[in-house]
Number of protein chains: 2
Amino acid sequence: MFAQAATAPKLTVPFGAGQLHAEVRRAPASFSPDQPHQVMFYEANAEIYAQGEQATALYLVEFGAVRLYRLLADGRRQISAFHVAGEVFGFEADGQHHFFAEAVGQACIRVFRKPAGETNWRQTLAAALAALVRAQEHLLVIGRQNAAERVAAFLLDMMERQNSDCAVQLPMSRTDIGDYLGLTIETVSRTFSKFRSRGLVRLVNTRTVEILDAATLRAMCD
Amino acid sequence: MFAQAATAPKLTVPFGAGQLHAEVRRAPASFSPDQPHQVMFYEANAEIYAQGEQATALYLVEFGAVRLYRLLADGRRQISAFHVAGEVFGFEADGQHHFFAEAVGQACIRVFRKPAGETNWRQTLAAALAALVRAQEHLLVIGRQNAAERVAAFLLDMMERQNSDCAVQLPMSRTDIGDYLGLTIETVSRTFSKFRSRGLVRLVNTRTVEILDAATLRAMCD
DNA sequence: CGCCTCATTGATTCTACTCAATTCGGGTGG
DNA sequence: CCACCCGAATTGAGTAGAATCAATGAGGCG
């Protein structure tokens, strides 16, 4: 199950600037480390679990980011969620994973083997409900909003999940963003460019966006 | 909170033909009636709870159907889920409802006042996980599938949630279906017509669809 | 019978997709 | 240090699919 995870994390430069430290600060969240657990290190794009596998654990992101996704037969991909430091993922209703989970960049993940549910069920329920709310919010974005509104919502969401104001780190590629928002990479890129030309954002580099006018972006979403 | 719910259910013709009886058979599901509860009857389109309200209960559909939805500022609506007999809804992460819940047609709903969580948390978690899986599956449909694939998935889903083969009852209007699938009513209607002309379904009336070729519909979805 | 709402069908517009061509950025090796 | 390479991102041109605008048709109820 963890074949692709390096057992000896080569922490050459796992921490970049600013934001990753902010993530680390947020990490000690709901699940307490007094549960039996194991900390795993994953290289970029390493598989954490696959669709169809038995669900035997819950996962807490320590640093880095994770994408959950499914594939259609013809290769179309839908990312249902990104999870960043401090968030829990991996619950399934029938003991089987219905999605793939992969590290977006290098990621460190605390794995809680089951059955821990009897003791920390309240935390499990809280995490599941948080995921449910997130999925439902995302349904609204994908179902009824246009490209600009989707990208605006995404940027604001990423901004709020990081503690930094304005400078948002995007651990994921444009392809990831497109598959998350139900758009093509071209549309994502064009929308970024339009936001830039309207003075709403500054594209520092491909993975860093500075939010210049959060109010206008917010007004687009709702 | 329950202003629009009739306290004395006038059960003149609440049960229609076949399918509703099938729903009733499926009703006694996860939540046991030995919890303190109250059975409420709702007229069509009656509000069960509103966005922003305090979440004080869980809801088990006895018969009928319920829609959960949110509105954008300009009136666009996204239905995140339909719930039919035997299903539980109403959990929220932070004690506040993030969605509206309304009866689609006449509906009967068992209301479990909190805090019952301490005793039946396992059932609550199971129901929340079921809702999560459903929302995630729906994300895939809305994010990456075209109109025909969405409608096909919807029809198959409704068929599987009813015990009847082939003849599917649709308690909801075309507008509801559109707002659930992220499509306009015109597109929904056109897609139904295309399915009919291809011999995949028979449109018995506006609220009844006979599935003639489930295999082809299934092949469209994945 | 007529009214009203919902559903269907048609004509047109527009958004986002597709296909294609550069451009950018990071890494490697000379 | 610089030239080169490769994948990712951006930009452009044309197209397809769903939305929009509009008209007609089908039920349900007073």
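Residues numbered from 1 in each chain as written. Chains lettered and ligands numbered in written order. Predicted model: local features only at pLDDT ≥ 70, side-chain atom pairs only at ≥ 80, totals over all residues. Heavy atoms only, no water.

Visitor: I tried to follow the protein's contact with DNA strand C on my own but got confused; where do I start?
Guide: Around DNA strand C, the structure places 16 residues, and the nearest of them are A:A147, A:T187, B:R174, B:R190 and B:S193. Sugar and phosphate atoms constitute 67% of the interface atoms of DNA strand C, taking the interface as everything within 4 Å of the protein. Between a phosphate oxygen of DNA strand C and a main-chain N or O atom of A:A147, the distance comes to 2.7 Å. A distance of 2.7 Å separates a phosphate oxygen of DNA strand C from a polar side-chain atom of B:R174. Mapped by element, the contributors of at least two residues to the surface near DNA strand C are α5 (185-197) of chain A together with α5 (185-197) of chain B. No other element matches α5(B), which puts five residues into the surface near DNA strand C. Here the surface near DNA strand C is composed, by residue class, of two nonpolar, eight polar and six charged. (Near = heavy atom within 4 Å. Polar contact = N/O pair within 3.5 Å; in protein donor to acceptor, adjacent residues only side chain to side chain. Helix = DSSP H or I, 4+ residues; strand = E, 2+ residues; numbered from the N terminus. Nonpolar A, V, L, I, M, F, W, Y, C, P; charged D, E, K, R; others polar.)

Visitor: Even after reading the chapter, I still don't get the relation of the copies chain B and chain A, so can you show me in this structure?
Guide: Between the two chain copies there is a screw-like relation: a rotation about an axis and a shift along it. Of the transformation placing chain B onto chain A, the axial shift is 0.0 Å and the rotation is 180°, giving an RMSD of 0.0 Å. Each copy turns onto its partner about a two-fold axis. In terms of C-alpha distance to the rotation axis, chain B has B:L132 as its closest residue, with the C-alpha 2.5 Å off the axis. A share of 100% of the interface residues of chain B reappears at the interface of chain A, consistent with the copies meeting face to face through the same patch. (Least-squares fit on C-alpha atoms with pLDDT ≥ 70 in both. Contact = heavy atoms within 4.5 Å.)

Visitor: Any chance you could explain the domain arrangement of chain A here in plain terms?
Guide: Accessible area lost upon the coming together of the parts serves often as the stated size of an interface. All names here are of chain A. The assigned domain composition of chain A is domain 1 (5-143) and domain 2 (147-221). Carbon and sulfur atoms supply 52% of the area that domain 1 and domain 2 bury against each other, a total of about 1700 Å² over both sides. In this structure, the connection of domain 1 to domain 2 is made through five salt bridges. Seen at the junction of domain 1 and domain 2, the total is eleven residue pairs in polar contact (both at pLDDT 80 or more). Secondary structure elements with two or more residues in the side of domain 1 that touches domain 2: α1 (19-26), β5 (65-71), β6 (77-84) and α2 (117-144). Top element by residues in the side of domain 1 that touches domain 2 is β6. It accounts for eight residues. Of the residues belonging to the side of domain 1 that touches domain 2, the class tally is nine nonpolar, five polar and five charged. (Domains from an automatic or database assignment. Buried area = accessible area lost by both parts, 1.4 Å probe. Salt bridge = Lys/Arg side-chain N within 4 Å of Asp/Glu carboxyl O.)

Visitor: So what exactly am I meant to see when it comes to the sheet that holds strand β11 (residues 201-205) of chain A here?
Guide: Strand pairs in the sheet, formed through backbone hydrogen bonds, run parallel or antiparallel to each other. Residue and element names in this part refer to chain A. Taking strand neighbours across the sheet as the criterion, the three strands line up as β10-β12-β11 in an open arrangement whose pairing is antiparallel. The open sheet has two edge strands with one neighbour each: β10 (167-169) and β11. Across the sheet, the mean angle from the axis of one strand to that of its neighbour is 25°, orientation sign disregarded. One ladder, built from three bridges, connects β10 with strand β12 (residues 208-211); its direction is antiparallel. (Pairing = 2+ DSSP bridges. Axes fitted to C-alpha atoms, helices over the stretch in contact; angles between N-to-C directions.)

Visitor: I would appreciate a short explanation of the protein's contact with DNA strand D in the present structure.
Guide: Contacts to DNA strand D come from 17 residues, most closely from A:R174, A:R190, A:S193, B:A147 and B:T187. Taking all atoms of DNA strand D within 4 Å of the protein, the share assigned to sugar and phosphate is 67%. The contact in question runs from a phosphate oxygen of DNA strand D to an N or O atom on the side chain of A:R174, over 2.7 Å. Interatomic distance of 2.8 Å between a side-chain N/O atom of A:S189 and a phosphate oxygen of DNA strand D. With five residues, α5(A) is the single largest residue contributor to the surface near DNA strand D. Residue classes in the surface near DNA strand D are distributed as two nonpolar, eight polar and seven charged.

Visitor: I would appreciate a short explanation of empty space enclosed by the protein in the present structure.
Guide: Over the atoms rolls a probe the size of a water molecule, and in doing so it shows where empty space is left. Scanning all chains against the criterion turns up three cavities of 30 Å³ or more. Computed from the structure, the largest cavity encloses a volume of approximately 160 Å³. Residue lining of the largest cavity: 18 residues in total, with A:L68, A:A81, A:H83, A:A131 and B:Q136 positioned closest to the centre. For the lining of the largest cavity, the elements supplying multiple residues, two or more each, are β6 and α2 of chain A together with α2 (117-144) of chain B. The greatest single-element share of the lining of the largest cavity, amounting to four residues, is contributed by α2(A). Across the lining of the largest cavity, the residue classes tally to eleven nonpolar, five polar and two charged. (1 Å grid on protein atoms, 1.4 Å probe; cavity = no way out; pocket = protein on both sides within 12 Å on 5 of 7 lines; lining within 4 Å. Points joined across faces, edges and corners; volume = space filled by probe spheres on them.)

Visitor: Whenever I open this one, the sheet that holds strand β8 (residues 100-103) of chain A confuses me. Can you help?
Guide: Residues and elements named next belong to chain A. With antiparallel pairing, the four strands of this open sheet are ordered in space as β3-β8-β5-β6. Across the chains shown, the open sheet's two edge strands, defined by having one partner strand only, are β3 (47-49) and β6. Taking each pair of neighbouring strands and ignoring which way they run, the sheet shows an average axis angle of 30°. Bridge analysis of β5 against β8 gives four bridges, and the strand direction is antiparallel. Across the sheet, the residue bridging to R67 is E102, located in β8. Where helix α4 (residues 174-181) meets the sheet, its contacts fall on β5 and β6, and the angle it forms with β6 comes to roughly 110°.

Visitor: Whenever I open this one, the interface of chain B and chain A confuses me. Can you help?
Guide: On the chain A side, the residues contacting the 42 residues of chain B number 42 residues. Of the roughly 4000 Å² buried between chain B and chain A on both sides combined, carbon and sulfur atoms contribute 63%. By the criterion of area lost to chain A, the three top residues of chain B are B:W121, B:L139 and B:R144, representing 19% of everything that side buries. On inspection of chain B and its partner chain A, the count reaches six salt bridges. Measuring nitrogen to oxygen at the nearest pair gives 2.8 Å for the salt bridge that ties A:R76 to B:E149. Applying the counting rule to chain B against chain A returns 16 residue pairs in polar contact (both at pLDDT 80 or more). Broken down by secondary-structure element, the contributors of at least two residues to the side of chain B that touches chain A are β6 (77-84), α2 and α4 (174-181) of chain B. For the side of chain B that touches chain A, the class distribution of residues is 19 nonpolar, twelve polar and eleven charged.

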